[in-house]
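Remarks on the overall topology
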Amino acid sequence: MTADAAPPASAETKTQSFEADVSRLLHLMVHSVYSDRDIFVRELVSNAADACEKLRYEAIAKPELIEAGGPFAIEIALDPDQRTIAFIDNGVGMSREELVEALGTIARSGTRAFLDRLAAEDASKEAGNLIGQFGIGFYSSFMVADQVTVDTRRAGAGEAWRWTSDGAGAFTVAPLALDAAPARGARVTLHINEASSEYLDPHRIERIVREHSGAVAVPIDLVDKPGAEPRRVADGAAIWARPKGEVSAENYAEFYRSLSGQFDEPALTVHWRAEGRHEYTALAFVPGSRPFDLFDPARKSRNKLYVRRVLITQDADLLPGWLRFFRLVVDSADLPLNVSREMIQQSAVFAAIRKGVTNRLVSELTKFAESEPESFAKLWENFGAVIKEGLYEDPERRDALFKLARFTSTTHPESNRSLADYVGALRENQTAIYYLTGDDAKRLAASPQLEGFRARNIEVLLLADPVDAFWVSSAIGFDGKPFKSISQGAADIKSIALKEGAGAPAEATPDVAALIAFLKQTLEAEIAEARASDRLTDSVACLVASEFAPDRQLEKILSAHGRLSERVKAVLEVNPNHPLTLALARRFVGGADKALIEDAAWLIYEEARLAEGDALADPTGFAARLRRVMEKALA
């Protein structure tokens, strides 16, 4: 061995434990049954392609990094006698520190979400199905291997390293002689276990590569056995650069899975070339299922930005947050390559591309909703709560998003009601789009505040997503009709005719008016006002916000986050025709036990709070009042 080929003199072999999350994942690999183990090929090929793309980018500033080592390529080499498969790339490679960071920890929060989901499932029944739907990266190797070795040399470095592990909880990193290492890049060698011998068959590997990795942007060669000639099984032509007519649905699906790390079918595929002031090609997918980390605040975008086939970044800020469910590739010839990726994303050209891509995807979603309503309903079920964030965050596109939005309502509980449908079915004399916000659709559907609206066949939108309370309070309206919360201000629905068979609400008698005044006096520390209601038909009372106060749900959200300086008192509306109201009014005017009437006043208020899903401020006091009233009733 020459001196140049010797390992670094100061380097030491070091064995250390995996991060806790990696250990959990590896335990799952070894002890569970998987629905589709083929995905390890896709994951390792994807990692190799990413390594090549990273070096392609680094070579813009340092062209000497790729002077040796040949054009970018991936090689899969089989050795049936030694029971090994090697995935070899001439990409960027890894230093010792990068090896430990990349292969000893889990950096992506989506993998943690995946593990948390598995922890809540019956692993023997669900784990296999979930594995088949989630990109688990390098660790998928241990589904088929009882030992994995990674030999790597970072481009331009004079040191090489070997990482080894049997997946049992620890790994070893040792220096590697240069003559035993790749010239640059990495060689990942899997020692195939007895249960996975079928993966030593070159035809099986070729089929998997063509099926799952045929669209990666780096050519792939397969070596059937030691000494055999490599044969090309994927040409490395970028799928987004091909004319749409030359790309099959299967090709798109293959590339989507490689791009997204999911194993489902895309719900929507959008491929176009923009020409004019700025030229770029874009390929976007909507996943067929909801990613585990969709609502994770630390989640990064999954948007790749290329400049003339050179990968600039894998998490480009190409889309607003409310379109974060898209998986996107954009390749531009107009952006500069000789500046940093941060500066590229701050340029005017990048901003114009971002705007153009966003507009196009909103337009494509609208067309999809119109042409395939049933398929769009599934898309909305998965991602509607995210799209609605745009109604609040992007007022300029609000009108376009209103055409997309679908809702659950009192007349259409299946969550496919558009605003155009709603406005088209307005009742005579109805001038507003009524809605009710909350955090649970079933509870909203049972709210007493809906009673008067149901009695008049007035449709009410039931808005149960957290963002609903914000966008609806800032939106002016739709098609000339304002949005109006049925839990804020007076109902103002007397001019809308009752449906057949519904009894007309009675006006408050003098006795009831006197009782309501007493309720206001008794509960003045808790309520802003007590008044007769024209929205109640069956319940005795409900709570609503004052005309100029925040909507009830918005008030709760703001209060929970400390955004209100003081508690906003609600209005107590009392049903003047309810038997309990009439009975209490007679007793009150007749001078009956004042303590009983006070207890009843508090119980009416607390019942209204419970109907909204609120916790009682004084459960002990509530229990004592309820006991006293029951004792007097039974006596």
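Overview of the structure.

Rules behind the numbers
Residues numbered from 1 in each chain as written. Predicted model: local features only at pLDDT ≥ 70, side-chain atom pairs only at ≥ 80, totals over all residues. Heavy atoms only, no water. Helix = DSSP H or I, 4+ residues; strand = E, 2+ residues; numbered from the N terminus. Buried < 20%, exposed > 50% of the residue type's maximum accessible area, 1.4 Å probe, protein only. Contact = heavy atoms within 4.5 Å. Areas by Shrake-Rupley, 256 points an atom, 1.4 Å probe, with all protein chains shown as cover. Expected span 1.5 Å × (residues − 1). Core = buried A, V, L, I, M, F, W, Y, C linked by side-chain atoms within 4.5 Å. Axes fitted to C-alpha atoms, helices over the stretch in contact; angles between N-to-C directions. Parallel < 35°, antiparallel > 145°, perpendicular 65-115°, else oblique. Left-handed = near helix turned anticlockwise from the far one by under 90°. Nonpolar A, V, L, I, M, F, W, Y, C, P; charged D, E, K, R; others polar. Pairing = 2+ DSSP bridges.

1. Concerning the overall build of the protein chain
A count of helical and extended segments in the protein chain gives 21 helices and 22 strands. By the burial criterion, 52% of the 635 residues in the protein chain qualify as buried. Of the contacts made within the protein chain by residues no fewer than 6 positions apart, 72% connect residues no fewer than 24 positions apart. In the form shown here, the protein chain has an accessible surface area of approximately 28800 Å², with 50% of it arising from carbon and sulfur atoms.

2. Thoughts on helix α9 (residues 348-371)
An α-helical segment advances 3.6 residues per turn. Residues three or four places apart therefore align on the same side. Given a rise of 1.5 Å per residue, 24 residues ought to cover 34 Å, and the 35 Å separating the end C-alpha atoms of α9 matches this to within 8%. Buried residues of α9: Phe-350, Ile-353, Val-357, Thr-358, Leu-361, Val-362, Glu-364, Leu-365, Thr-366, Phe-368 and Ala-369, and no others.

3. Thoughts on unusual backbone geometry
Phi at Asn-429 takes a positive value of approximately 75 degrees, unusual for a residue other than glycine. With respect to the helices and strands, the residue Asn-429 is situated in the loop between α13 (419-424) and β16 (433-437). With a phi close to 60 degrees, Asn-457 is a non-glycine residue in the positive phi region. Here Asn-457 lies in the loop between α15 (451-455) and β17 (461-463). Owing to a relative accessible area of 47%, Asn-457 belongs among the partly exposed residues under this scheme.

4. Notes on the nonpolar core
Trp-471 and Phe-483 are the most contacted members of the largest nonpolar core, which has 71 residues in total. The greatest single-element share of this core, amounting to eight residues, is contributed by α9. Each residue touching Phe-483, except ones within four places of it in the same chain, is listed here: Phe-402, Leu-419, Ile-433, Tyr-435, Trp-471, Val-472, Ala-475, Ile-476, Gly-477 and Phe-478. Ranked by size, the runner-up nonpolar core spans 53 residues in total, among them Met-94, Tyr-139, Ala-145 and Val-188.

5. Some remarks on the packing of helix α19 (residues 579-589) against helix α20 (residues 594-611)
Direction vectors running N to C along α19 and α20 enclose 150 degrees, while the axes themselves pass 10 Å from each other. Accordingly, the angle class assigned to the pair α19 and α20 is roughly antiparallel. Where α19 crosses over α20, the handedness of that crossing is left-handed. Where α19 approaches α20, its residues Leu-584, Arg-587 and Phe-588 are matched on the opposing element by Leu-596, Ile-597, Ala-600 and Ile-604. The residue makeup of the contact of α19 with α20, split by class, is six nonpolar, no polar and one charged.

6. Let's talk about the sheet that holds strand β21 (residues 541-544)
A sheet is described by the order of its strands in space; here three strands give the open sequence β20-β22-β21, paired in mixed fashion. Each edge of the sheet is formed by a strand with only one pairing partner; in this case those strands are β20 (527-532) and β21. Adjacent strand axes in the sheet meet at a mean angle of 25 degrees when their direction is disregarded. Here β21 pairs with strand β22 (residues 570-574) via four bridges, running antiparallel. The residue of β22 that forms the bridge with Cys-542 is Glu-573.

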